[in-house]
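The primary structure of each chain is shown beneath.
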Amino acid sequence: MGWLSGRALALAARVARRPFLLRAHERCHLAWLATLVSASELAAVGSAGLPLDVQRPVRHALVIATIGAVSWLVASVAFLVEDGVLRRVKVDVRDNRRARRVRTQLGIIRRLTAVLVTIIGLAAALMTFDTMRTYGASVLASAGLVGIVAGLAAQTTLSNMFAGLQLVFTDALRYDDIVVVEQQWGRIEELTLTYVVVHLWDERRLVLPATYFTTTPFENWTRSESRVLAALELHLDPSAPVGELRTKTRELVEANPLWDRREWVLQVTDNTELTMVVRITASAADASSAWDLKCDLREQLLDWVQAHHPQALPRMRTQTTGTDGRVGGYRDALRQAG
């Protein structure tokens with residue numbers, strides 16, 4: 001019957017062109033077959049004519065096997081539904097904030113489902129033993145002290161689990177979020193109940209406990225939207241032509257395909273004893289595009305300044321004095337282009 005139902009489901013998936021039915025066959029067939037076999041054996045053990053002293057342990061073993069098979073089937077169906085939802089969530093779009101939130105929450109729900117089904121299955125299997133039912137109250141009472149000791153020993157683990165749940169269901173952190181932690185830039189690659197894996201820009205992985213993100217400030221560049229501003233600063237000589245620099249910046253920004261055509265600005269934001277600080281910001285679709293856009297603009301603007309206005313590069317001005325002690329003229333010493 002299990003083989004027949006599996007073949008029927010696979011045939012229906014091909015005829016009706018339903019990929020979901022084919023995935024259901026692939027994921028749930030073995031669990032469904034195990035459930036049918038164990039349940040049918042359990043139903044037939046009474047009419048098998050076995051001696052009573054043999055029939056009881058066989059029936060008990062088949063009950064436990066049926067509980068395990070049903071738990072396996074329930075977990076497989078739950079995972080199948082979650083996979084179906086994940087397939088409908090597209091993360092390869094420009095604004096994928098909602099999709100990443102759904103993927104993050106489903107990942108935690110998948111783990112909770114596995115843990116919950118396993119615990120219920122084990123509890124049901126243990127309750128098939130007479131001693132567990134008869135002395136259940138005393139076992140629970142004596143387990144009170146053990147539970148307190150175990151809770152104290154697992155305090156760190158439990159706090160990480162609650163922190164992981166808090167991060168997921170308060171939407172504070174999601175898969176593929178761009179974050180800055182420990183002065184490192186990276187993406188959230190894995191988010192579990194107890195730890196978070198950050199894929200750093202240089203291909204390293206930074207593994208942090210979930211409590212880190214609930215107790216330590218961190219930067220989340222994609223918390224509310226995927227769009228990020230690329231910001232760079234140039235330190236130039238105060239004699240630099242700001243008007244020409246703004247015109248050239250506009251030309252470079254508009255010609256760059258990484259700019260999302262929303263906004264850009266050039267401002268003189270500060271001045272020091274030797275230089276003025278020119279800050280340029282331009283919007284990009286996501287964090288990686290913003291980083292590349294910032295590097296492109298910095299490189300192109302420094303090339304343009306060196307080629308057309310070398311005097312605009314930072315310079316050290318020194319004052320000379322003659323042998324008679326009188327103050328002479330100023331002399332400029334070129335510093336490195338920052």
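Keep in mind it's a predicted model, so treat the numbers as computed, not measured.

(A) Broad picture of the nonpolar core. Ranked by internal contacts, the top residues of the largest apolar core, which has 27 residues, are Leu 234, Leu 245, Val 278, Ile 280, Leu 293 and Leu 297. Elements represented by at least two residues in this core include exactly strand S6 (228-236), helix H9 (242-255), strand S7 (259-271), strand S8 (276-284) and helix H10 (287-308). Sort the elements by how many residues they give to this core and H10 lands first, with eight residues. In contact with Leu 293, other than residues within four places in its own chain, are Ala 230, Asn 256, Leu 258, Trp 259, Ala 282, Ser 283 and Ala 284.

(B) Highlighting the pattern of salt bridges. Considering all chains together, one arrives at eight salt bridges under this definition. The salt bridge involving Glu 233 is made with Arg 279; its shortest N-O contact spans 3.7 Å. With a gap of 46 residues between them, Glu 233 in strand S6 and Arg 279 in strand S8 connect regions that are remote in the sequence. On the basis of relative accessible area, Glu 233 is assigned to the partly exposed category, the value being 39%. A relative accessible area of 32% places Arg 279 in the partly exposed class. By sharing partners, the salt bridges in this structure join Glu 189, Glu 203 and Arg 205 into a single network.

(C) View of the sheet that holds strand S2 (residues 184-191). The five strands are arranged S4-S3-S2-S1-S5 in an open sheet whose pairing can be described as antiparallel. The two strands at the open ends of the sheet, each matched to only one other strand, are strand S4 (205-209) and strand S5 (219-220).

(D) Seen up close, the environment of Val 278. Examined against the element boundaries, Val 278 turns out to sit in strand S8. Spatially, the C-alpha atom of Val 278 lies 8.6 Å from that of Val 242, the residues being 36 residues apart in sequence. Contacts of Val 278, omitting those with residues within four sequence positions, involve Leu 232, Glu 233, Leu 234, Leu 236, Leu 245, Leu 266, Gln 267 and Val 268.

(E) Highlighting unusual backbone geometry. At Glu 182, a residue that is not glycine, the phi angle is positive and equals roughly 50°. Along the chain, the position of Glu 182 falls in the loop between strand S1 (178-181) and S2.

(F) Representation of the side chain of Thr 249 within the structure. Note on placement: Thr 249 falls in helix H9. Side-chain polar atoms of Thr 249 contact the backbone oxygen of Leu 245, separated by 2.7 Å. The contact partners of Thr 249, leaving out residues within four places of it in the chain, are Trp 264, Leu 266, Ile 280 and Leu 301.

(G) Quick look at the environment of Val 179. With respect to the helices and strands, the residue Val 179 is situated in strand S1. The exposure class assigned to Val 179 is buried, which follows from its relative accessible area of 0%. The spacing of Val 179 and Trp 221 is 42 residues in sequence and 5.9 Å in space, taken between C-alpha atoms. Once residues within four sequence positions are removed from consideration, Val 179 is found in contact with Leu 173, Gln 184, Trp 185, Gly 186, Ile 188, Val 198, Phe 218, Glu 219 and Asn 220.

(H) Examining the sheet that holds S7 more closely. The strand order across the open sheet built from three strands is S6-S8-S7, with neighbouring strands paired in antiparallel fashion. The open sheet has two free edges, formed respectively by S6 and S7, since each of these has just one partner strand. Neighbour-to-neighbour, the strand axes of the sheet open up by a mean angle of 15°, direction not taken into account. One ladder, built from nine bridges, connects S6 with S8; its direction is antiparallel. Of the residues in S8, the one forming a bridge with Leu 236 is Met 276. Contacting S6, S7 and S8, H9 runs over the sheet at an angle of about 155° to S7. Seen against the sheet, H10 touches S6, S7 and S8 and runs at an angle of roughly 25° to S6.

Cut-off values and rules
- Here, residues in each chain are numbered from 1, in the same order as that chain's written sequence.
- Where local features are concerned, this predicted model is filtered to residues with pLDDT of at least 70; where side-chain atom pairs are given and counted, the filter is 80 or more; whole-chain, interface and lining totals use all residues.
- Calculation of side-chain values draws on the structure's entire complement of heavy atoms; hydrogens and water are dropped beforehand.
- Take the buried Ala, Val, Leu, Ile, Met, Phe, Trp, Tyr and Cys residues and link them wherever side-chain atoms come within 4.5 Å; each set so joined is a nonpolar core.
- Here the term buried applies to any residue with accessible area under 20% of the maximum for its type, exposed to any over 50%, and partly exposed to those in between, with areas from a 1.4 Å probe on protein chains only.
- In this description a helix means any DSSP run of H or I spanning at least four residues, a strand means any run of E spanning at least two, and both kinds are numbered starting from the N terminus.
- By the convention used here, residues are in contact when the closest approach between their heavy atoms is within 4.5 Å.
- We define a salt bridge as a side-chain nitrogen of Lys or Arg found within 4 Å of a carboxyl oxygen belonging to Asp or Glu.
- Note on pairing: two strands pair once DSSP finds at least 2 bridges between them.
- Polar contacts here mean pairs of N or O atoms no more than 3.5 Å apart (in protein, one a potential hydrogen donor and the other a potential acceptor; neighbouring residues in sequence count only if both atoms are side-chain atoms).
- Helix axes are fitted to C-alpha atoms over the stretch in contact, other axes to C-alpha atoms as well, and angles between N-to-C directions run from 0 to 180 degrees.

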